[in-house]
Every structure is written in C-alpha cells, then in structure tokens.
Amino acid sequence: MPRELISSVRLSRNYNESGMITTADGRLGVAVSSQTNVIVELTEPITAVRPLGGRVEVTTIRFFADTPNAALNALRPLQPRDAP
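Throughout, residues of each chain are indexed from 1 in the direction in which the sequence is written. Local features in this predicted model are restricted to residues whose pLDDT is 70 or higher, and side-chain atom pairs enter the listing and the counts only when it is 80 or higher, whereas totals over whole chains, interfaces and linings include all residues. Based on all heavy atoms of the structure, the side-chain values leave hydrogens and waters out of the count.

Trainee: Provide a residue-level description of the nonpolar core, including the pertinent values.
Mentor: Only buried residues count toward a nonpolar core. Its members are Ala, Val, Leu, Ile, Met, Phe, Trp, Tyr and Cys residues joined through side-chain atoms within 4.5 Å. Exposure classes here rest on a 1.4 Å probe applied to the protein chains alone. A residue is buried below 20% of its type maximum, exposed above 50%, and partly exposed in between. Residues V38, V40, L42, I46, V58, I61 and F63 are the most contacted members of the largest nonpolar core, which totals 15 residues. With five residues, the top contributor of residues to this core is strand β4 (residues 36-49). The contacts of V38, once residues within four sequence positions are left out, are R10, S12, I61, R62, F63, A65, P68, A71 and L72. By definition, any uninterrupted DSSP run of H or I lasting at least four residues is a helix, any uninterrupted run of E lasting at least two residues is a strand, and each is numbered from the N terminus. Residues count as neighbours in contact if any of their non-hydrogen atoms are within 4.5 Å of one another.

What follows is the structure, encoded as structure tokens:
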C-alpha cells in the first residue's frame with residue numbers, strides 16, 4: 001500500500017476473523033490464527049490481489065502484527081514535515 005494514501009492506523013484486536021484472507025465491503029483482512037490487531041485506513045481505494053489472482057478494491061486493511069505498536073509507528077501517516 002502506498003504510504004501517502006494512509007489516513008490513519010490504529011490498534012484493534014479482533015479474534016474472530018473467518019479466514020486467513022478475507023475481503024468484503026472495501027475491507028481486506030489478513031489474519032493469523034483468526035486474529036487481526038492493526039487497522040489501516042486509506043484515503044482512496046487500492047487494488048488488492050487475492051491468492052488465486054482475484055482483484056478487489058479496498059480502503060481498509062486489517063492484519064495481524066507480532067509487534068503491533070511497532071507497526072503503528074512505522075505506518076503512521078506522513079506529516080508535512082516528514083514528506084520528502
């Protein structure tokens with residue numbers, strides 16, 4: 001996902017994902033043991049490619065990170081002072 005499209009990131013633990021990779025209503029979920037813990041919101045849709053080649057437009061990405069706070073810090077939206 002292009003970093004410049006990230007509008008927000010947050011910690012949100014979810015323990016009931018229905019599959020390893022799910023898509024619905026503009027959301028992509030990438031779970032580990034039915035869990036996700038980071039949510040990334042985008043300013044505009046991106047195309048996600050599913051494992052068998054299907055494509056879907058998404059504006060929200062949920063995934064599991066072993067160290068979610070590190071992921072939040074790394075994915076925080078660029079601020080004007082951070083931009084190249």
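What follows continues from the structure just given.
Trainee: Tell me what's going on with a nonpolar patch on the surface, and back it up with residues and numbers.
Mentor: Side chains of M20, I21 and V30 sit close together on the surface and give an oily, nonpolar patch of about 270 Å² of accessible area. Mapped onto the fold, M20 is located in the loop between β1 (6-14) and β2 (21-24). By definition, no residue in a patch forms a salt bridge, and every one has over 30% relative accessible area; like charges are joined within 9 Å, nonpolar side chains (Val, Leu, Ile, Met, Phe, Trp, Tyr) within 5 Å. Here the accessible surface of atoms and residues is derived via Shrake-Rupley with a 1.4 Å probe, and residues count as covered only by protein chains that are part of the display. In the sections that follow, a salt bridge refers to a side-chain nitrogen of Lys or Arg positioned within 4 Å of a carboxyl oxygen of Asp or Glu.

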